[in-house]
2 protein chains.
Amino acid sequence: MKGRLYGVGVGPGDPELLTLKALRLLRTCPVVAYQSAEDKESVARGIVAEYLPGNQIEVKYHLPRALDPYAAQPIYDQVVTPIAEHLAAGRDVVVLCEGDPLFYGSFMYVFTRLSDQFETEVVPGVSSPMGCASALSVPLTYRDDVFSVLPATLPAETLKAQLLNADAAAIIKLRRHFAKVRDVLHHLGLASRARYIERGTMINQKIISLDEVYPDQVPYFSMILVPSQSRL
Amino acid sequence: MKGRLYGVGVGPGDPELLTLKALRLLRTCPVVAYQSAEDKESVARGIVAEYLPGNQIEVKYHLPRALDPYAAQPIYDQVVTPIAEHLAAGRDVVVLCEGDPLFYGSFMYVFTRLSDQFETEVVPGVSSPMGCASALSVPLTYRDDVFSVLPATLPAETLKAQLLNADAAAIIKLRRHFAKVRDVLHHLGLASRARYIERGTMINQKIISLDEVYPDQVPYFSMILVPSQSRL
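Residues numbered from 1 in each chain as written. Chains lettered and ligands numbered in written order. Predicted model: local features only at pLDDT ≥ 70, side-chain atom pairs only at ≥ 80, totals over all residues. Heavy atoms only, no water.

S.K.: Help me understand the overall build of chain A, please; the structure alone is not making it clear to me.
M.R.: Across its full length, chain A holds eight helices and 10 strands. Scaling as 2.2 N^0.38, a compact globule of 232 residues should have a C-alpha radius of gyration of about 17 Å, and chain A matches this with 19 Å. For chain A, the spread of C-alpha atoms along the principal axes amounts to about 60 × 40 × 35 Å. Within chain A, buried positions represent 58% of all 232 residues. (Helix = DSSP H or I, 4+ residues; strand = E, 2+ residues; numbered from the N terminus. Rg over C-alpha atoms; globule rule 2.2 N^0.38 Å. Buried < 20%, exposed > 50% of the residue type's maximum accessible area, 1.4 Å probe, protein only.)

S.K.: What's the story with a positive patch on the surface in this structure? I'm lost.
M.R.: All names here are of chain A. A cluster of basic side chains, namely Lys-40, Arg-65, Arg-175 and Arg-176, defines a positive patch on the protein surface. Along the polypeptide, Arg-175 turns up in the loop between strand 7 (168-172) and helix 8 (178-187). Taking the relative accessible area as the measure of exposure, Arg-175 reaches 45% and is therefore partly exposed. (Patch = residues over 30% accessible without salt bridge, like charges linked within 9 Å, V, L, I, M, F, W, Y side chains within 5 Å. Areas by Shrake-Rupley, 256 points an atom, 1.4 Å probe, with all protein chains shown as cover. Salt bridge = Lys/Arg side-chain N within 4 Å of Asp/Glu carboxyl O. Lys, Arg positive; Asp, Glu negative; His and termini not counted. Charge placed at Lys NZ, Arg CZ, Asp CG, Glu CD.)

S.K.: Would you mind showing me how to read the interface of chain A and chain B here?
M.R.: Many structure descriptions define interface size as the accessible area lost when the parts assemble. Taken residue by residue, the interface counts 59 residues in chain A and 59 residues in chain B. Buried surface at the junction of chain A and chain B, both sides included, amounts to about 5100 Å², of which 58% is carbon and sulfur. Applying the counting criterion to the chain A and chain B interface returns four salt bridges. The salt bridge partner of Lys-21 of chain B is Asp-14 of chain A, with a shortest N-O separation of 3.8 Å. Elements with a contribution of two residues or more to the side of chain A that touches chain B: helix 1 (20-28), helix 3 (69-79), helix 5 (107-114), strand 5 (120-123), helix 6 (128-136), strand 6 (147-151) and helix 7 (156-165) of chain A. (Contact = heavy atoms within 4.5 Å. Buried area = accessible area lost by both parts, 1.4 Å probe.)

S.K.: I'm lost on the packing of helix 7 (residues 156-165) of chain B against helix 8 (residues 178-187) of chain B in this one. Help?
M.R.: If you want to describe how two helices pack, look at the angle between their axes and the distance between the axes. Residues and elements named next belong to chain B. Where helix 7 contacts helix 8, the two axes come as close as 10 Å, and the packing angle between them is 45°. By the angle between their axes, helix 7 is oblique relative to helix 8. In this structure, helix 7 meets helix 8 at a crossing whose hand is right-handed. Packed against helix 7, whose contacting residues are Ala-156, Leu-159, Lys-160 and Leu-163, the element helix 8 presents Lys-180, Val-181, Val-184, Leu-185 and His-187 at the interface. Taken together, the residues that form the contact of helix 7 with helix 8 break down as six nonpolar, one polar and two charged. (Axes fitted to C-alpha atoms, helices over the stretch in contact; angles between N-to-C directions. Parallel < 35°, antiparallel > 145°, perpendicular 65-115°, else oblique. Left-handed = near helix turned anticlockwise from the far one by under 90°. Nonpolar A, V, L, I, M, F, W, Y, C, P; charged D, E, K, R; others polar.)

S.K.: Explain the relation of the copies chain A and chain B to me, please; I cannot follow it from the model alone.
M.R.: Between the two copies of the chain lies a rotation about an axis combined with a shift along it. The transformation that overlays chain A on chain B combines an axial shift of 0.0 Å with a rotation of 180°, and the residual RMSD is 0.0 Å. Here the copies are linked by what is in effect a two-fold axis. Residue by residue, 100% of the interface of chain A is reproduced at the interface of chain B, so both copies engage with the same surface. (Least-squares fit on C-alpha atoms with pLDDT ≥ 70 in both.)

S.K.: How should I be thinking about unusual backbone geometry in this particular structure?
M.R.: Both trends apply: most residues other than glycine have a negative phi, and most peptide bonds are in trans. Residues other than glycine seldom take positive phi values, yet Thr-201 of chain A does so here, at roughly 75°. Mapped onto the fold, Thr-201 of chain A is located in the loop between strand 8 (195-198) and strand 9 (206-208). Take Thr-201 of chain A: its relative accessible area is 16%, and that puts it in the buried class. Despite not being glycine, Ser-137 of chain B has its phi angle at roughly 55°, a positive value. Structurally, the position occupied by Ser-137 of chain B is in the loop between helix 6 (128-136) and strand 6 (147-151). The class for Ser-137 of chain B is partly exposed, based on a relative accessible area of 29%.

S.K.: What exactly am I supposed to notice about the environment of Leu-136 of chain A here?
M.R.: All names here are of chain A. Mapped onto the fold, Leu-136 is located in helix 6. Using a relative accessible area of 7% as the deciding quantity, one classes Leu-136 as buried. Separated by 71 residues in sequence, Leu-136 and Ile-207 have C-alpha atoms that sit 7.8 Å apart.

S.K.: Mind showing me how you'd approach the packing of aromatic side chains here?
M.R.: For any two aromatic rings, the description comes down to two numbers: the centre-to-centre distance and the angle of the planes. All names here are of chain B. Scanning the entire structure with this criterion turns up 12 aromatic pairs over all chains. With 4.9 Å between their ring centres and 80° between their planes, Phe-103 and Tyr-104 make a pair best called edge-to-face. For the pair shown, Phe-103 and Tyr-104 are each scored as buried. Look at Phe-178 and Tyr-196: their rings are 5.6 Å apart centre to centre, the planes differ by 75°, and that puts the pair in the edge-to-face class. A residue pair is termed long-range when its members are at least 10 positions apart, and Phe-178 in helix 8 and Tyr-196 in strand 8 (residues 195-198) qualify at 18 residues. (Phe/Tyr/Trp six-rings, centres within 6.5 Å; stacked < 30°, edge-to-face > 60°.)

S.K.: Is there a simple way to explain the nonpolar core in this structure?
M.R.: Considering soluble globular proteins, one finds that nonpolar side chains tend to be buried as a cluster. Formed by 84 residues in total, the largest nonpolar core has its most connected members in Ile-83 of chain A together with Ile-83 of chain B. What Ile-83 of chain B contacts, discounting residues up to four positions off in sequence, is Leu-5, Ala-33, Val-59, Tyr-61, Val-93, Val-95, Val-110 and Leu-114 of chain B. Membership of the second largest hydrophobic core comes to 42 residues, among which are Leu-18 of chain A together with Leu-20, Ala-44 and Leu-96 of chain B. (Core = buried A, V, L, I, M, F, W, Y, C linked by side-chain atoms within 4.5 Å.)

This is the structure in structure tokens:
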């Protein structure tokens, strides 16, 4: 019998924001897989490290990001092969994913390749916009608000139009796009309302004002929230 | 010493999607508060019922929804008074909230009234769009997608414009607005891509096609997801 594939969200960073279901699965499955940058520790594994029973097979995989999507396909196919082999051999595999697996998650690369071959279950996790809103103690959306998640990779004009169309927003993937985003927020008069946070809910979380940020020192795990101004 | 106010997300419905942090707090705080419709059981309490230690003070409050926001203020002030009294008497209070407390959450009514008087901490939860995406096994967003959460209460023309502006969307608060939303989706050619789910992750979860839905039988806990069509 084939193994079962679990895509498990481990939340935004605080290990205590793991769900009970995620905890049960990562304690009982024989194989745990996670993605990480080439020579770095896996963030997702770091979040759950204290809960791992210590007797599991661990599969680490690397997704090169800057590739052209077409050229990338055979490489991604190769990346998921070890996971497929464990499943084919009848071993259940938990794939860890920061935040939520189906929401901009690295699990999608596994899901799109293996979910038609193996029984697959996804365990949702606390997503980073909600984790960051809680860390900032900022009510994000009320009542009939439109809320948008906007990747900072979008052109400035697109970001402007999207922010004008939304009552509240989370701007993700800031890194080298930070200066552009800050300019857009100033231009729209949203800079004073916007809140910046690095590594929200993680142990080294950092909350500073937009104007204190050095644009060349913005980590991947950073976010700008533009909270709603609606009334209750 | 004053008590501490905790706004705790209990997730979309499956009790196993509670976070470890939420579990710890609701087991140890002397007072647990939750909102519910006038003569109904509280949904949030139902999600965590099996974890309650049984020796707590429980505070049930009711937020009348259909009120004019201005007329509602003194009523909402009164609703949170019992919570404020426990806090003033030095008792920590956990306020339960479906999904995430700061994301369209009923906790906001408490937060905006009490967080400046009492030390307040918010515990994020798994939000319903992510819970429903997992229940449907549908990848929601990839890479540089724009994702929007759209209340079905918005006018049809606004919903159309917003859906055209987003790569993926979650349409919430469907209830008596379902027929309007379905028309909009058909008009935009999105109906075959859209997925409908009732009570996602709850024990009585129901997944049917858009055209099988009876517009007069749509519960509050229902959602339409329009997943991304991006490539990885």
